[in-house]
Amino acid sequence: MISPVFSQSAEEILEIALDRSLTLNNSYYKFLIKSEVESPLLPMSGELFIKGEKYFIDTKAIDQIYDGENIFTIVHENQEIIVGNVDISLFSFTPNQIFNFFLEDYILNINSGSKRHVIEAKNRDDNNIIYFISIDSSNYSIEKIEMKDLLSGQIINTFLTLTYDYNLTVPLSLFKFDIENYDNYILIQ
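These remarks concern the structure in this document. Keep in mind the model is a prediction, meaning the values are calculated, not measured. (Residues numbered from 1 in each chain as written. Predicted model: local features only at pLDDT ≥ 70, side-chain atom pairs only at ≥ 80, totals over all residues. Heavy atoms only, no water.)

We now examine unusual backbone geometry. The backbone of tyrosine 140 sits at a positive phi, close to 60°, despite the residue not being glycine. Residue placement: tyrosine 140 occurs in the loop between strand E9 (129-136) and strand E10 (142-149). Exposure remark for tyrosine 140: the relative accessible area of 9% places this residue in the buried category. The backbone phi angle of asparagine 167 is positive, close to 60°, even though this residue is not glycine. Residue position: asparagine 167 is located in the loop between strand E11 (155-165) and strand E12 (186-188). (Helix = DSSP H or I, 4+ residues; strand = E, 2+ residues; numbered from the N terminus. Buried < 20%, exposed > 50% of the residue type's maximum accessible area, 1.4 Å probe, protein only.)

For side chains of opposite charge, pairing can occur when their charged atoms come near one another. Overall, the coordinates contain two salt bridges when judged by the stated rule. In this structure, glutamate 143 engages arginine 116 in a salt bridge whose closest nitrogen and oxygen atoms are separated by 2.8 Å. Of this pair, glutamate 143 sits in strand E10 while arginine 116 sits in strand E8 (residues 116-123), placing them 27 residues apart in sequence. Between glutamate 146 and lysine 144 there is a salt bridge, with its nearest N and O atoms 3.8 Å apart. (Salt bridge = Lys/Arg side-chain N within 4 Å of Asp/Glu carboxyl O.)

A few words now on the environment of leucine 168. With respect to the helices, strands and loops of the structure, leucine 168 is situated in the loop between E11 and E12. Put simply, leucine 168 and aspartate 149 are 19 residues apart on the chain and 38 Å apart in space, counted from C-alpha to C-alpha. Those residues within four positions of leucine 168 in sequence are excluded, and the remaining contacts are Asn25, Asn26 and Tyr28. (Contact = heavy atoms within 4.5 Å.)

The next point concerns the packing of helix H1 (residues 10-23) against helix H2 (residues 95-105). Each pair of packed helices can be summarised by the angle the axes make with each other and by the distance between the axes. For the pair H1 and H2, the least separation of the axes is 9 Å and the interaxial angle reads 160°. The angle between H1 and H2 falls in the class roughly antiparallel. Pair H1 / H2 crosses with left-handed handedness. Of the residues in H2, those touching H1 at Glu11, Leu14, Glu15, Ala17, Leu18, Ser21 and Leu22 are Pro95, Asn96, Phe99, Asn100, Phe102 and Leu103. Looking at the contact of H1 with H2 residue by residue, the classes come out as eight nonpolar, three polar and two charged. (Axes fitted to C-alpha atoms, helices over the stretch in contact; angles between N-to-C directions. Parallel < 35°, antiparallel > 145°, perpendicular 65-115°, else oblique. Left-handed = near helix turned anticlockwise from the far one by under 90°. Nonpolar A, V, L, I, M, F, W, Y, C, P; charged D, E, K, R; others polar.)

This next bit is on the sheet that holds E12. Strand order in the open sheet formed by twelve strands is E7-E8-E9-E10-E11-E1-E2-E3-E4-E5-E6-E12, and the pairing between neighbours is mixed. At either margin of the open sheet sits one strand with a lone partner, and together these are strand E7 (106-112) and E12. Pairwise comparison of adjacent strand axes, ignoring direction, gives a mean angle of 15° for this sheet. Its contacts with the sheet put H1 on E7, E8 and E9, and the angle it makes with E7 is roughly 90°. Lying over the sheet, H2 contacts strand E1 (27-35), strand E2 (44-51), strand E3 (54-59), E7, E8, E9 and E10, oriented at roughly 110° with respect to E7. (Pairing = 2+ DSSP bridges.)

Another aspect to go through is the pairing of E9. Burial analysis of E9 places seven of its eight residues in the buried class, which makes it a mostly covered element. Looking at chain direction, E8 and E9 are connected through seven bridges and run antiparallel. Counted as the bridge partner of lysine 122 is isoleucine 130 from E9. Pairing between E9 and E10: seven bridges, direction antiparallel. Across the sheet, phenylalanine 132 pairs through a bridge with glutamate 146, a residue of E10. The turn linking E9 back onto E10 is made up of five residues, and tyrosine 140 within it adopts a positive phi angle of 60°.

Here you go:
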């Protein structure tokens, strides 16, 4: 007998994961992004706090705050604060952004196991890159996303969730930008 979990499509798995991520209160992720390709930003570790649509990403090099209206990207090295909206974002790895990204422009295939779903995502327009999205089958949280170059066979980038928690007490001030906290930073709008 086939379990209903194993009969779900990749799209259904991503939609369930998206729905669950949006219903959680006060989520927290500790993450690591590493690359096999030389990059000035990677490897990068940090923390992501989410409350509804609002989020705060905290890394050593760059922070980002979305207050529900504007995105504030704080680049510490250049002492710049770039103000944008949801259409312009340096980081796009909140669960909502990730799931919608793959649901919109990718051909998806699924390999499900008892502990995780691994979704293979190929861009409709780019046959050289493929993503592997590992989702915990018990709570539908993102465990890992790998970006692979099909020409070389090399994993280019890997996003890892190191720890994950939800229903935490998170101060609302975390999602509010205050220019007073950034002496000598240039504001770019």
